[in-house]
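Spelled out, the chains give:
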Amino acid sequence: MASKEIDPRSRSSMLSKKTSSSDSMRRPFGVVMLEVTQIIQKQKNLALETQDGSLDQDYFAPFFPCGEKETLDLKKLLTSRNDSVRDNKTGYQGIWFSFQLINGDIKQLREDNPHYVSLRDVPVAYRLGLSDIIMPGDVRNDLYITLLSGEFSRGTKTSDRNVEVTVRVCDEKGKIIPGVMKQGCGKSPLDEYRSVTYHHEAKPKWMETIKIALPIEEFKKAHVKFIFKHRSTNDVKDKNEKPFAMSFMKLMQDNGTTVLNTEHELIIYKIDSKKWQEDDYSYLSLQWQRIIGEELVKTWLYGMAPTNKDSFTISTTFCSTKLTQNAELLALLEWGWSGSTDTTTLRQCLEGLRRVPSEELMVFLQDTLDVLLEILMNSSTDDDSDNKVFEALVYVITIATDKNKHEAFQPVLDSYIQQNFHATLAYNKLIHVLKFYVEQGMDLQRQETLKKAMKCLQYIFKFIIRSRQLFVELYGRGQEEFEKSLQQLLEAMAKMMIHTLDSTLTVQAHCLKYITTTIPDIITNFDPVHMSQILVTMIDNLDPKRIPKQKLMTMNEIIHSELFKYPECRRVLLPSFIGHIRRLLAANEEVTDGEVIMRKEKKKAKLQQMLGTDNNAPFTDDRSLMEELELCVKILGDILDVLFSADVGPTQEDISLLTNEMLSDILTIVYKMTHDDPLNCKFVSVLVSLMRQMTERHFLSFLNCFQNQDELYNFLVELIMVIQDLISQPVFPSDWAEMILLQNSVIVKVLRQCSRVISERMRDPFKEIVWNNFFTCAINFITQPSLQLETFTQSKRNKILSRYRDMRRETAIEIKSLWFSLGQHKIRFVASSGGGQCMVGPFLEMTMIPDVELRKATIPIFFDMMQCEYYSQRDQGKNGPPDMARNKQKIKGKFTEFETEMLEKLDHLVEGGHGDEHYREVFKHMVGALCEEHATMREPGLKLVNTVSRLMDRLLQYRTIMNTPDNSAETRMSCTVNLLDFYSEINRKELYLRYVYKLSELHLACDNYTEAGYTLLQHASLLRWAHEALQTSLRSPIHPHLGYHDDLKEKLYNEVISFFDKGKMWEDALKLCKELMQQYEEVTMNYTKLSELLTRMASFYKNIMNPQNLRPEPEYFRVAYYGRGFPAFLQNRVFVYRGNGYERLGDFTSRILDQFPNAELMKKLTPPSDEVKESPQQFIQISKVDCVMREDKYSSPSVSEQIQRYYRANHVNIFTYSRPFHRGQKDPSNEFATLCIEKTTLVTSYSLPGILRCFPVIRTKFIELSPLENAIETMNNVNADVRDLVKKYSRDHTLPLDPLTRKISGMVDPAVMGGITNYEKAFLCDEYRQSHPQDAEKLEDLQQLIAAQIPLLQAALHYHGLRVTEPIAALHDHMIASFCKMKQQVHEKYGVAVLPPELGIEEHSLRLQTQLSVNSDHSARSSHHYSGHDSIDVDAVELRTPKEESRPEGLRQSLTRGLHVFSGRSSEIMAMSLSSSQLSLARLSLSPGKVGGTLPRHHKVSMPNLGSYNGGSSKNVKKEKSFRTLLRRESFTSQREPSSQWFDRPESQVLPPQPIIELSEQLAPERPLRTDIERERRMSRPRSLTMTPSVSATPSPSLGSRESLMSTPTGSIYEEESPPPLPVKMRDQDSDSTSVRLSTMSLKPSATPGSPEVSPEPPKKPPRPDKNHNHEDSSMI
């Protein structure tokens, strides 16, 4: 607000005249409006964010139009028109505004920025009302008039008038005051204002506001005139129009106050234009405002007459700092200005002052205070009038200092006192009156005024002191009298504190609360020490139980006052404050006592339950106690803050006083407080601040106060425990780095002092607890995270070191010094056998801090510990503490306890992240050097150092592997086993078992149940079957409740058995079951568990022998890691891995390389060079190895294949692999002549499977085989493979035939490798015998192996022939032909060998066989390439190949080929090989009672010894259809249901042993030609029918025979000139087969000669499989 507004009439008169002479008519058109509140707030936020006030943004203000009769009321326009006008061409209509927010006063901004053009002509818009704060000197006198509405009659007009209002400001003589009206901010001043004219509107609503700015001296005489005129759109008529009415309003009321801020309904006076004179001011004597309910009498005076019909309403808002609208305030001001002495009027004015609204009073605050102080200063009346004036003054100050309403006026009051206050003699009256009220404090009538006076005490004393200063400036005398009167006043206030009545409690509280606010003013003219003494007296006079909280608050305010900065004042204040605080802390001590709190909580809960109150509502007593305690700690903290300041003078005495009086109490409170106590942090801050300011002299002075050693001991224990709690449970948040560092620096200083005192005064007698507590506390302090500088950034680390240095190093030096001062008591902290605390672990943690100097300074402590235990007394009592050997006592001579503790703590610490390679080297070097120099301890000491070094090496590897997420689970397992082996080597069971369970968890996470079981067995193997208590080292971390050997071993066995069961290692599980069975049966006699165990064992046996339980035979792989890039436990080492299930070499290689993505795979098995081994890179060599089964008992023929298969791939630790190479020049025609083999045998450290899926190779043996030896070994292996296959297929007829087919075909007809012919060319020749006479015996062995191959192949062909099917019948015939030729050659060259007896097969003649068929004289089958042979005895007749036999033209004569099978089990096997459909055919053909049977006549089954059957007519079409249906049914039944076998049929279905069955058929060399009918049929039918057989482990062996029965018969009477080739129908014999395709022609029997014609109609489709049938059993394409 401007201090003085410029007279608007000083503007240019020309502009004013031009504006007033304008005769234009204002018509309503529209409004452009924009809400700027949010814009301003947004600009403020942006300015705060960018720290820049010059933000310029554009905003759009839409245009709101209005009609001829619509008002310009903004609210109405906004509510009636939601959308602004939109122009189709230009879009929305409106105006763009640019807003720029600049903070600061406009005048100051113009001075600071003269170059800123925008600030030069900025209009100032004042608030439509007074400001919240009116500073002294601010002047404003503005009247805002708003034309609201009117109602006008037509008069002589035929329609409503077009009313225009003209507003003028006139003086008391009716003259216009020019240039005092403004239409808006920034507009030029006006002489008169014309309103908007509404067209034919009888009730116009203008809502137009104008501002009238008049000087104060002219405002009282002025009035506002309103003239109403009808306006016409016709200029001629408009000029002739005269005003038809007028109104006026006086600005001052009759009582001298200004017009009120409200709406006014003015009286409208009709004008007689003939009699009314515009410059006549006689109307001022008339009434101007309508009174509600009053009827006006129409009387013409001065050419005017009032009317009741018409009305005109305006509203006024007056903003003035000099003219008031309140009559009572005006009366007081006028009384003071008049200098009257009438006390009665004065009292009335003072009473009326209380009725003045507070807002009005604040506007005239300066004038009111001036009047009251002038009256008080110049009053010569009695004391009662002074009291009334004093009460009024207190009332005004109370309102001005009210924080709820007028808090902003306090600066106004302060400014008034310093700049505008002039009452130089007021201090005497104020002191006198205030003292009177204080002394009359017991008077209830004056207590209310005294309460208010105490609340205004600050400003009362400001008036007193300022008045005295002004007086001194004028006269300069009376200081002594002033100080005396002021001291009497203050002493009276101190004496008032003695009162104990409840009525005075509030006055005392107000006095204590506000007396501190007077200190800054009082001490400017009063002695500070006297003031301090009076304040102490005031506080001491108050009863201790009265308002303790306010007393503490007063003390705190005094501490923050200027008094406390003077050392002389502190000597007076501080002892008193400490005494009060100690008393309050003693009274509230139970608040910090945990046990007392618990008791009080129980009582409180019980009382709340009885009263039914809320449990969450705290009791008043407890709440007040906590508040007092909080104030106490706040006062202490503030005292220490003030004492730490630089401008308070010397503080040594003050800190000494605080230390001696408060340190013990604060320490006790912190010790008793819980961690979550809200005051804990504050008390800790006080403790840290106090100790921070304590010097060494303070510590010595304080500790010397403890003359009794027990008291000193208790204090030290309490102090160290508090420090320990602060370290272990920090009270400050972790991000308060500066506070935590400050606390740590204080702790270092305290620990240094404690170390000195403990060393001097706690050694005799020896106080073990305080020594132990100090070591533990100091080490915990060193190892706390906030001091680990390595974890901080470099800048933060440098900052900490520059300010606090490395506090860890300083503390470590103190620990070392204190350790070596222990003397003979060191052994108590090395050996824990005597019940003491072993410090090996804490010291080890301290020395592992990554600081070189700290490590070098503290590691020698370990050698001293080794010496202490080595020279300790050997035979000492178990109850007493350990002691050193003296005189001739025997020494212990070892340091086993130190070693045990060292290794155990080392394991935990390194795994937790402590220690590194540097520490291992420093420890090994320093302690090793000390042991080397010691004559007695040299050997055991170096051994321990070596053990620790090796352990750290492995632990660091383990930590690195475990903390690297890229490492695989197998790498982590191997690293864990590396530690296991070491702990097993040094016999540390507790550590060994710790990693056993970690390894087990790793296996279970990877579903390695077998390895997890073997891992747990490591623990079980350390236990005994005895009911003995477990040692601590043998307890299980997952079964801590089991405390006996047998209980834990049984539990572990059951878990291992479950793991073995999940891993399908039932053989190993049975071994454990047998051990448990013996325990249950013979020891514990627990038959319930025994029965459950036997049931479980039975299931294991069934699982082993059940062929449906497929157990994969894992392959084994050799993996060699070369190079220094691998972890240390893998570098240049070879491992044998056990593969995962069906994992093969390629998959395994990918898995290993994924674990080491940077490794390079070596392509050859040649040993690497030393350069590769020592390179920093990674090289991996992977190859497959074969197992070597050690136990021959499992290779017996009586042992089941399932068992042999298991032991071939499990429990092996010997593996072999071969590397071929050529010696000399390679023979291109026969590479076997120079092919040598390097056979490598690997022996692993443990058998696989085991606790790992891989084990390192501990021994390697290389054997080089010559080409001849290689041939012998190859033949041996081949014969063994054939022998195994014969065994398999003789026992299990469900096995797929494909492996056997491939094996035989590769041996009898080696199309690629050449077979034994290459061996004959290379070795079994005269040239080789002559050049290698030493190999005669080996050549003989080779010949025997070749000869032994013949009976094995013959047996294999036998079992192959039993299961041969139609698609491979020709291949089988070819293999027999090749074998016969091979057999003849081998017999001629190498003799005849005998079939191994363990196969149990009697050799019979072997015949060619294609497939099982039905004989017919007129039907024959094609045999592809090999056909036309008679039944040939292989032993007697040489087989002729198809090339040697000429083919006859046309249809060849059919030959019968039979099979003479082996006796014994051969008939059973033959029966098993028949399919269910074949057996059904046999039963149908042999059914008794059915003469004709069901088979067609041309199908014949030859069964010797059972007779033959051939019945029925060959032309029986019905039987042919029934046979066709039978074939269809059998075919689809076999697809949906597996064929029944001989071992799963009921006894009634099992056929008795039958003689040899010979099945014969006619063979045709070529496929017969199709008839025309058949060709048409074939073209009109689907080409084939595809069916998916049921999924099973192996395909049914009878499937091929069933196909042979359904094949299309040959022998049709129609022939083609060029028959089509025979389709190749090969069935996949493996278990992966997906479908079987049957020709549709195979469902139709052939037409043989003599049979009726075949119907040209196609056969019926086979029935569809059931939709509900299993999708695996039926799928048709």
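Quick caveat, the model's predicted, so the values are computed rather than measured.

Conventions adopted
- Residues numbered from 1 in each chain as written.
- Predicted model: local features only at pLDDT ≥ 70, side-chain atom pairs only at ≥ 80, totals over all residues.
- Heavy atoms only, no water.
- Helix = DSSP H or I, 4+ residues; strand = E, 2+ residues; numbered from the N terminus.
- Buried < 20%, exposed > 50% of the residue type's maximum accessible area, 1.4 Å probe, protein only.
- Contact = heavy atoms within 4.5 Å.
- Areas by Shrake-Rupley, 256 points an atom, 1.4 Å probe, with all protein chains shown as cover.
- Salt bridge = Lys/Arg side-chain N within 4 Å of Asp/Glu carboxyl O.
- pLDDT = per-residue confidence, 0-100.
- Expected span 1.5 Å × (residues − 1).
- Pairing = 2+ DSSP bridges.
- Axes fitted to C-alpha atoms, helices over the stretch in contact; angles between N-to-C directions.
- Parallel < 35°, antiparallel > 145°, perpendicular 65-115°, else oblique.
- Left-handed = near helix turned anticlockwise from the far one by under 90°.
- Phe/Tyr/Trp six-rings, centres within 6.5 Å; stacked < 30°, edge-to-face > 60°.
- Lys NZ or Arg CZ within 6 Å of the ring centre and 35° of its normal.
- Nonpolar A, V, L, I, M, F, W, Y, C, P; charged D, E, K, R; others polar.
- Core = buried A, V, L, I, M, F, W, Y, C linked by side-chain atoms within 4.5 Å.
- Patch = residues over 30% accessible without salt bridge, like charges linked within 9 Å, V, L, I, M, F, W, Y side chains within 5 Å.
- Lys, Arg positive; Asp, Glu negative; His and termini not counted.
- Charge placed at Lys NZ, Arg CZ, Asp CG, Glu CD.

Looking at the overall build of the chain
Counting its secondary structure elements, the chain contains 57 helices and 27 strands. Expressed as a percentage of the 1677 residues in the chain, the buried residues total 49%. In the chain, of all internal contacts separated by at least 6 residues, the share reaching a separation of at least 24 is 74%. As presented, the chain carries roughly 84100 Å² of accessible surface, and 50% of it is formed by carbon and sulfur atoms.

Structural notes on the pattern of salt bridges
Inspection of the entire model under this criterion finds 65 salt bridges. We note a salt bridge from R194 to E192, for which the minimum N-O separation is 3.5 Å. A cluster of three or more residues bridged by salt bridges with shared partners is formed by R168, E192, R194 and E278.

Brief notes about the confidence of the model for the chain
On average, residues of the chain score 77 in pLDDT, and 75% of them reach the 70 mark or higher. In this model, residues 1409-1571 is a region of pLDDT below 50 whose contacts with residues beyond four sequence positions or in other chains number 298 contacts.

Looking at helix α19 (residues 528-541)
Think of an α-helix as turning once every 3.6 residues; residues three or four places apart then point the same way. For α19, with 14 residues, the first-to-last C-alpha span of 20 Å sits near the 20 Å given by 1.5 Å per residue. Burial in α19 covers these residues: P528, M531, S532, I534, L535, V536, M538 and I539. Packing partners of the buried residues in α19 comprise α16 (479-496), α17 (505-515), α18 (519-522), α20 (548-559) and α21 (567-587).

A short note on unusual backbone geometry
Here the residue pair D764 and P765 is connected by a cis peptide bond, since its omega of 0° sits within 30 degrees of zero. Structurally, P765 can be placed in the loop between α28 (737-761) and α29 (768-782). Between L1248 and the following residue, P1249, the backbone shows a cis peptide bond with an omega angle of 0°. Along the chain, the position of P1249 falls in the loop between β22 (1235-1248) and β23 (1254-1265). In this structure, I547 takes a positive phi of about 35° despite not being glycine. Among the secondary structure elements, I547 is positioned in the loop between α19 and α20. The backbone phi angle of N987 is positive, close to 60°, even though this residue is not glycine. For N987, the location among the structural elements is in the loop between α38 (969-986) and α39 (989-1005).

Thoughts on the sheet that holds strand β11 (residues 223-230)
Taken together, the 6 strands give an open sheet; going across it, the order is β9-β7-β11-β12-β14-β15, and neighbouring strands pair in antiparallel fashion. In this open sheet, the two strands that pair with only one neighbour each are β9 (192-194) and β15 (304-306). Across the sheet, the axes of successive neighbouring strands diverge by a mean angle of 25°, strand direction being ignored. As paired strands, strand β7 (residues 163-170) and β9 are joined by 3 bridges and run antiparallel to one another. Bridge pairing links V167 to Y193 in β9.

A closer look at the packing of helix α12 (residues 410-420) against helix α15 (residues 457-474)
Two numbers describe how α12 lies on α15: the axes approach to 10 Å, and their chain directions differ by 15°. Classified by the angle between their axes, α12 and α15 sit roughly parallel to one another. Viewed along their axes, α12 and α15 form a crossing whose handedness is right-handed. Side by side, α12 and α15 meet where Q410, L413, D414, Y416, I417 and Q418 of the first sit next to Y459, K462, F463 and R466 of the second.

Let's talk about the pairing of β23
In terms of strand pairing, strand β18 (residues 1133-1138) meets β23 through 3 bridges, oriented antiparallel. Counterpart to Y1137 in the pairing with β23 is C1254.

What to know about the packing of aromatic side chains
One pass over the full model with this rule turns up 52 aromatic pairs. Here F248 and Y269 contribute two aromatic rings whose centre-to-centre distance is 6.5 Å and whose plane-to-plane angle is 25°, an arrangement assigned as stacked. Placement of the pair is F248 in strand β12 (residues 243-250) and Y269 in strand β14 (residues 269-271), with a sequence separation of 21 residues. Among the aromatic residues, those joined into a ring-pair cluster are F766, W771, F774, F775, W819, F829 and F843. Sitting over the face of the ring of F244, R161 holds its NZ or CZ atom 4.2 Å from the ring centroid. Its end group placed over the ring of Y395, R354 keeps NZ or CZ at 5.3 Å from the ring centre.

Quick notes on the side chain of S311
Among the secondary structure elements, S311 is positioned in strand β16 (residues 311-320). Ignoring sequence-local partners within four residues, the contact set of S311 consists of G150, E151, F152, E265 and I268.

Considering the packing of α15 against α16
Contact pair α15 / α16: the axes reach a minimum separation of 12 Å and the direction vectors enclose 170°. Between α15 and α16, the crossing angle belongs to the class labelled roughly antiparallel. Both α15 and α16 take part in a crossing whose hand is right-handed. Here L457, F461, I464, I465 and R468 of α15 lie close against α16, whose contacting residues are Q479, F482, L486, L489, L490 and M493. Here the residues of the contact of α15 with α16 sort into 9 nonpolar, 1 polar and 1 charged.

Thoughts on the nonpolar core
Core analysis: the largest hydrophobic core is formed by 305 residues, its most contacted members being M493 and F843. Apart from the residues lying within four places of it in its own chain, the contact partners of F843 are F775, I779, I815, W819, I861, F862 and M865. With 49 residues, the next largest nonpolar core counts W206, V224, L286 and L323 among its residues.

Let's talk about the sheet that holds strand β13 (residues 263-266)
What the 5 strands build is an open sheet, ordered β8-β10-β6-β16-β13; its pairing is antiparallel. Strands at the two margins of the open sheet, each flanked by one partner only, are β8 (181-182) and β13. Looking at chain direction, β13 and β16 are connected through 4 bridges and run antiparallel. Bridging from a neighbouring strand, L266 pairs with F312 of β16.

Structural notes on α17
Buried residues dominate α17, accounting for 8 of its 11 residues. Listing the buried residues of α17 in full gives V507, Q508, A509, H510, C511, L512, Y514 and I515. Turning to α17, the residues buried within the fold contact α14 (444-455), α15, α16, α18, α19 and α20.

A few points about a negative patch on the surface
Together, E480, E481, E483 and D527 give the surface a local cluster of negative charge. Of note, E481 is situated in helix α16.

Quick word on the pairing of strand β17 (residues 1116-1122)
Burial runs high along β17: 7 of the 7 residues are buried. In β17, alternate side chains face the same way, and those of Y1116, R1118, A1120 and Y1122 on one face and F1117, V1119 and Y1121 on the other are all buried. Bridging between β17 and β18 involves 6 bridges; their strand directions are antiparallel. Residue pairing across strands places Y1121 opposite R1133, the latter belonging to β18. By the bridge criterion, 7 bridges tie β17 to strand β20 (residues 1179-1187) in an arrangement that is antiparallel.

Regarding a positive patch on the surface
A cluster of basic residues, K403, K452, K455 and K513, forms a positive patch at the surface. Mapped onto the elements, K452 comes out in helix α14. Assessed through its relative accessible area of 32%, K452 is described here as partly exposed.

Thoughts on a nonpolar patch on the surface
Residues V32, I95 and F97 make up a contiguous nonpolar surface patch of about 220 Å² in total accessible area. Secondary-structure assignment places V32 in strand β1 (residues 30-32). Residue V32 is classed as partly exposed on the basis of its relative accessible area of 34%.

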